[in-house]
Amino acid sequence: MTKSDCVFYAVGTRYVYDALEVAERAGIHVRAFIHNRPEVPVPEALDPVLTPDQVDVELTGLPVAFPLVTPGYRKRVEEEASKLGFRTLASLIDPSAVVARRFECGSGVQVNAGVVIAAGCTFGRQVLVNRSASIGHDVTAEDYVSFGPGCTLCGSCYVEAGVFVGAGSTLAPGVRIGRNAIVGAGAVVIRDVPAGAVAAGNPARVMREGIAGYNDCGV
């Protein structure tokens, strides 16, 4: 089988290995790994690892993926990569994921192993769904949302841009999570969460308000 190529940009986290597994299982060859943070050690066993000043026109012509879990980090490095000339985002969807045919998504979506996405869902750009998450029917997720491992969203939830939904959390049917909010790991959300808030617990309650987003996503 002929493999398509892409570039990974911002590879200074251990999550890069999960993203690489998804790419390889999906038949996508990672042509280069761009390490943009010289103060952070380069993860081992990646080849070739380049710095941003080594990026050439051939590489910027390839789709680029950002192997980062944090919404704010994905947004920032996308802007950084755009200044180097990258224009196309790579989407990484693990072949073990069960994705409904009636699913629409923007560019740069990452869907990890064991994920289930039901019919009628609509995702924006740069949405990440981590391993074994279950996304119910007619869920909307705006740009840069991150769903943590094993979280469960019931039908018709609406998740606004820049939200981080923590591992193992549950969102009840029809719940709306406001822009740049954080849902803590293991939370059970039975009512709406306002924008820029942190909600945690069972049942979840708002612990803080007025935050700038998960690592200042700012979307």
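Bear in mind the structure is a predicted one, so any value in this text is a computation, not a measurement.

Brief notes about the overall build of the protein chain
Consideration 1: Within the protein chain, the secondary structure is distributed over 3 helices and 23 strands.
Consideration 2: The globule rule puts the C-alpha radius of gyration for 219 residues at 17 Å, and the 17 Å found for the protein chain is close to it.
Consideration 3: Reported as C-alpha extents along the three principal axes, the dimensions of the protein chain are approximately 50 × 40 × 25 Å.
Consideration 4: Considering the protein chain as a whole, with its 219 residues, one finds that 50% of them fall into the buried category.

Focus on helix α1 (residues 15-25)
Consideration 1: Listed in full, the buried residues belonging to α1 are Tyr 15, Val 16, Ala 19, Leu 20, Val 22 and Ala 23. One face of α1 carries all of its buried residues, which in axial projection span an arc of 160°.
Consideration 2: The inward-facing, buried residues of α1 contact β1 (4-9), β2 (28-34), β5 (92-93), β8 (110-111) and β11 (128-129).
Consideration 3: Of the residues flanking the end of α1, it is Gly 27, one or two places downstream, whose phi is positive at about 80°.

Regarding the sheet that holds strand β10 (residues 121-123)
Consideration 1: Judged by pairing direction, the sheet is parallel, and its 5 strands sit side by side in the order β7-β10-β13-β16-β19 without closing on themselves. Since the sheet does not close on itself, it has two edges, and those belong to β7 (103-105) and β19 (176-177), each with one partner.
Consideration 2: Where strand β16 (residues 158-159) meets β19, 2 bridges bridge the pair, whose relative direction is parallel. Across the sheet, residue Val 159 finds its bridge partner in β19, namely Ile 177.

Considering the pattern of salt bridges
Consideration 1: This model, assessed by the stated rule, comprises 11 salt bridges.
Consideration 2: Asp 5 is the partner of Arg 31 in a salt bridge, and the nearest nitrogen-oxygen pair spans 2.8 Å. One end of the pair, Arg 31, is in strand β2; the other, Asp 5, is in strand β1, and 26 residues separate them in sequence.
Consideration 3: Classification of Asp 5 as partly exposed rests on a relative accessible area of 23%.
Consideration 4: Of the charged contacts, one joins Glu 160 and Arg 176 as a salt bridge, the two residues approaching to 2.7 Å between their closest N and O atoms. One end of the pair, Glu 160, is in the loop between β16 and β17 (164-165); the other, Arg 176, is in strand β19, and 16 residues separate them in sequence.
Consideration 5: Connected through shared salt-bridge partners, Asp 5, Arg 31 and Glu 58 make up one network.

Observations concerning the pairing of β1
Consideration 1: The pairing of β1 with β2 spans 6 bridges and is classified as parallel. The residue bridging Asp 5 from the neighbouring strand is His 29, located in β2.

Side note on the packing of aromatic side chains
Consideration 1: Evaluated as defined, the whole model comprises 5 aromatic pairs.
Consideration 2: Taken together, a centroid distance of 6.2 Å and an interplanar angle of 70° make the contact between Tyr 9 and Phe 86 edge-to-face. Highlighted residues: Tyr 9 in strand β1 and Phe 86 in the loop between α3 (71-84) and β5, separated in sequence by 77 residues.
Consideration 3: Using a relative accessible area of 0% as the deciding quantity, one classes Tyr 9 as buried.
Consideration 4: For Phe 86, a relative accessible area of 4% corresponds to the buried category.
Consideration 5: Chaining the aromatic ring pairs together yields one cluster made of Tyr 9, Phe 66 and Phe 86.
Consideration 6: We note Arg 176 situated over the ring of Tyr 158; from NZ or CZ to the ring centre the distance is 4.0 Å.

Conventions and cut-offs
Residues numbered from 1 in each chain as written. Predicted model: local features only at pLDDT ≥ 70, side-chain atom pairs only at ≥ 80, totals over all residues. Heavy atoms only, no water. Helix = DSSP H or I, 4+ residues; strand = E, 2+ residues; numbered from the N terminus. Rg over C-alpha atoms; globule rule 2.2 N^0.38 Å. Buried < 20%, exposed > 50% of the residue type's maximum accessible area, 1.4 Å probe, protein only. Arc of directions from axis to C-beta. Contact = heavy atoms within 4.5 Å. Pairing = 2+ DSSP bridges. Salt bridge = Lys/Arg side-chain N within 4 Å of Asp/Glu carboxyl O. Phe/Tyr/Trp six-rings, centres within 6.5 Å; stacked < 30°, edge-to-face > 60°. Lys NZ or Arg CZ within 6 Å of the ring centre and 35° of its normal.

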